[in-house]
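Take a look at the letters that make up each chain.
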Amino acid sequence: MACAADSIVIGGKIFTESYILGEMAAQTIEASSHVPVTRKLGMGSTGILFEGLKSGAIDLYPDYTGTLAEAILKRPELKSLDEIRQALSDMGLTISGSLGFNDTYALAVKEEFAEKHGLRSIGDLIPIESEIRAAFSYEFMDRKDGYPGLIDSYHLGFSPQKINRMEHTLSFQAIEQNAVDLIDVYSTDAKIKKLNLRLLKDDHNYFPVYQAVWVARKSFVEKHPSEWQALLGLEGKISEQTMLDMNAQADIQKISFAKIAAQFLGAEAPAAHGWLHEVARRTKEHLWLVGVSLLFSVLVGIPLGVTAVRYHAAGQAILLSSAVVQTVPSLALLCFLIPVFGVGTKPALAALCLYSLLPVVLNTFTGIRAINPIHLENARAFGLNGRQVLFRVVLPLASPTLLAGIKTATIVSIGTATLAALVGAGGYGAPIVSGLSLNDVPTILTGAIPAALMALVAHGIFEVLGILLIPALYPLSRSFSCFTSTSVLGCNPSPNKLGDI
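If you're wondering where the values come from, they're calculated on a predicted model, not measured in any experiment. (Residues numbered from 1 in each chain as written. Predicted model: local features only at pLDDT ≥ 70, side-chain atom pairs only at ≥ 80, totals over all residues. Heavy atoms only, no water.)

**Examining the overall build of the protein**
Piece 1. When you go through the protein residue by residue, the secondary structure sums to 22 helices and 10 strands.
Piece 2. Each of the three principal axes of the protein carries a C-alpha extent, and together these read 90 × 60 × 45 Å.
Piece 3. Taken over 501 residues, the protein has a buried fraction of 53%.
Piece 4. Once local pairs closer than 6 in sequence are excluded, the contacts in the protein between residues at least 24 apart make up 77%. (Helix = DSSP H or I, 4+ residues; strand = E, 2+ residues; numbered from the N terminus. Buried < 20%, exposed > 50% of the residue type's maximum accessible area, 1.4 Å probe, protein only. Contact = heavy atoms within 4.5 Å.)

**A word on the packing of aromatic side chains**
Piece 1. Counted by the stated rule, this structure contains 14 aromatic pairs.
Piece 2. Plain terms: the ring middles of Tyr19 and Phe257 are 4.6 Å apart, the flat faces sit at 5° to each other, and that makes the pair stacked. Of this pair, Tyr19 sits in helix α2 (residues 16-32) while Phe257 sits in helix α14 (residues 257-265); the two residues are 238 residues apart in sequence, bridging distant segments of the chain. You'll find Tyr19 and Phe257 in the same group, each marked buried.
Piece 3. Three or more aromatic residues joined by ring pairs form one cluster here, namely Phe15, Tyr64, Tyr105, Phe136, Phe140, Tyr147, Phe158, Tyr186, Tyr206, Phe207 and Tyr210. (Phe/Tyr/Trp six-rings, centres within 6.5 Å; stacked < 30°, edge-to-face > 60°.)

**What about the sheet that holds strand β7 (residues 163-165)?**
Piece 1. Taken in spatial order, the 5 strands of this open sheet run β7-β6-β8-β5-β9, and their pairing is mixed. Each end of this open sheet is capped by a strand with a single partner; those strands are β7 and β9 (197-200). Direction aside, neighbouring strands of the sheet carry axes that sit 35° apart on average.
Piece 2. In this sheet, β7 lies alongside strand β6 (residues 134-136) in parallel orientation, the contact comprising 3 bridges. From the neighbouring strand, Ala134 faces β7, where its bridge partner is Ile163. (Pairing = 2+ DSSP bridges. Axes fitted to C-alpha atoms, helices over the stretch in contact; angles between N-to-C directions.)

**A word on empty space enclosed by the protein**
To find leftover empty space, a probe the size of one water molecule is rolled over the atoms.
Piece 1. Taken as a whole and judged by the stated rule, the model has 4 cavities of 30 Å³ or more.
Piece 2. Reported here for the largest cavity is a volume of approximately 110 Å³.
Piece 3. Together, Lys13, Phe15, Thr46, Tyr64, Thr67, Asp103, Thr104, Tyr105, Glu139, Arg143, Tyr186 and Tyr210 line the largest cavity.
Piece 4. Residues of the lining of the largest cavity, tallied by class, amount to 5 nonpolar, 3 polar and 4 charged.
Piece 5. Of the residues that make up the lining of the largest cavity, three or more belong to each of domain 1 (2-102 + 210-265) and domain 2 (105-200). (1 Å grid on protein atoms, 1.4 Å probe; cavity = no way out; pocket = protein on both sides within 12 Å on 5 of 7 lines; lining within 4 Å. Points joined across faces, edges and corners; volume = space filled by probe spheres on them. Nonpolar A, V, L, I, M, F, W, Y, C, P; charged D, E, K, R; others polar. Domains from an automatic or database assignment.)

**Section: the nonpolar core**
Piece 1. By size, the foremost hydrophobic cluster in this structure holds 64 residues, and its most contacted members are Leu125 and Leu182.
Piece 2. At 7 residues, the largest contribution of residues to this core is made by α2.
Piece 3. Beyond its immediate sequence surroundings of up to four residues, Leu125 is in contact with Leu107, Leu119, Ile132, Leu156, Phe158, Leu182 and Leu200.
Piece 4. With 44 residues, the next largest nonpolar core counts Ile48, Leu289, Leu349 and Val423 among its residues. (Core = buried A, V, L, I, M, F, W, Y, C linked by side-chain atoms within 4.5 Å.)

**Digging into helix α19 (residues 373-381)**
An α-helical turn contains 3.6 residues, so a residue and the one three or four places further along point in the same direction.
Piece 1. By the burial criterion, the buried members of α19 are Pro373, Ile374, His375, Leu376, Asn378 and Ala379.
Piece 2. Where α19 ends, the next residue or the one after it, Gly383, has phi of about 90°, a positive value.

**Let's talk about the pairing of strand β10 (residues 212-217)**
Piece 1. With 6 of 6 residues buried, β10 lies mostly within the body of the structure.
Piece 2. Side-chain alternation along β10 places Ala212, Trp214 and Ala216 on one buried face and Val213, Val215 and Arg217 on a second face that is also buried.
Piece 3. Relative to β10, strand β3 (residues 60-64) runs antiparallel, the two sharing 5 bridges. Note on β10: the bridge partner recorded for Pro62 is Trp214.
Piece 4. Where strand β4 (residues 93-95) lies against β10, 3 bridges are found, and the strand directions are antiparallel. When the bridges of β10 are listed, Thr94 appears paired with Ala216.

**Some remarks on the pattern of salt bridges**
Piece 1. Under the definition given, this model contains 19 salt bridges.
Piece 2. A salt bridge links Asp59 to Arg217; the nearest nitrogen and oxygen atoms lie 2.4 Å apart. Separated by 158 residues along the polypeptide, Asp59 in the loop between α3 (46-55) and β3 and Arg217 in strand β10 bring together distant segments of the chain. Grouping residues by exposure puts Asp59 and Arg217 together as buried.
Piece 3. A salt bridge links Glu278 to Arg282; the nearest nitrogen and oxygen atoms lie 2.9 Å apart. With Glu278 and Arg282 both in helix α15 (residues 275-310) and 4 residues apart, the pair spans about one turn of that helix.
Piece 4. Take Arg282: its relative accessible area is 13%, and that puts it in the buried class. (Salt bridge = Lys/Arg side-chain N within 4 Å of Asp/Glu carboxyl O.)

**Here's the deal with the environment of Tyr355**
Piece 1. Along the chain, Tyr355 turns up in helix α18 (residues 345-369).
Piece 2. Sequence separation of Tyr355 and Asp189 is 166 residues, and the distance between their C-alpha atoms is 37 Å.
Piece 3. Not counting chain neighbours up to four residues away, the residues in contact with Tyr355 comprise Val325, Gln326, Val328, Pro329, Ser330, Leu333 and Thr416.
Piece 4. In terms of polar contacts, Tyr355 uses its side chain to reach the backbone carbonyl oxygen of Pro329, at 3.4 Å. (Polar contact = N/O pair within 3.5 Å; in protein donor to acceptor, adjacent residues only side chain to side chain.)

Pasting the structure below:
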């Protein structure tokens, strides 16, 4: 949360329009103030951003009145800006007036499909509802003002087997490739025109009004009144057509968000850094995330693995707990951690550390359990104490399995860390998320290729470490078994529990 104290932190959701509005807010503040601005655009769902706002991890972000009333306040009866502002005031938050456009939900089909089946409105879907192949976004499927309420309002009976959940921008690709017939869209989506889609009329006026607004913490407004006034200067300035055109510039013409925002504001676009600078910055962020989680897995995972061997009951609890954490979906775990750590690097590091434990704990446990008890008996016969047995015999003999666990944890962390962008932690996930929102493969590859290369490099480093370290560690332990193989202790004593290591 320190970031919010040092600069103004602006968040944004993971779709084109939110990127543009977030960049617009950042440039507006930068033009009116000397306070530095931190951009955390392309974060995950509404819930993630709202938790970040309440915790103070971000200061403001663009949202919509319908979303605030339905998904956040759980009070769909709130319609006016004043009612929503008053309800948010109790949470220490406030909103601006409307920026000038309504970006509500809509259902869309291809023009040729609409002509074939005579579709003009949502109600016209009823005769063919069982045949419809649909792709709806995760938020649309879960929100009361989305799919559940739509079904009740229109008494639709879509076949559950033909309803697909997918990321919003990917649904456009699905309908373009004729993989689905029906998708949910935002009314200002640029791809509506590009893909020649027809918006079905909302006969029942089911979808609420979604006026775009700035949502901010009251403490931010009080601390930065001039910056807030600058943002209020954009009220009523963005029409639906203007917003659609700006979305089209990003989605279709592939113009940068920064340049689009600058053109609207009549300002000069911020100097763009080359792709090499961007990759270097993301590499630094990604290495930090992976490095901290790797250090944690070694410092905590190995002792836990040793404890699991020594104490049976506690060991089962440790292994079970590590396995349970591994089964929690990454995004869900990040959401659980936001109320504790806010958004940004802290929840991402906490999640990665937890995910990295199981491979190290399990491999430490397995490696030690696989050691022949004769080596422990021989070590004790030489008069070694428990600590010496652990560090001179047990861990060296278990080192191949243990090193494999650390390698697995590292490579898994490299992949999982790409999700950190959804909570504003950066890394290689940032260009991947941005590219997905634009359906821009080169941008996606800017993050995906370096992540894959980092995983390959990590694999190579651990292979070299295995070659260098394992032969160096083995003599510490093998000397006992080699020497005593002809001693009075014999070579094949009865198996013994590993107990006191």
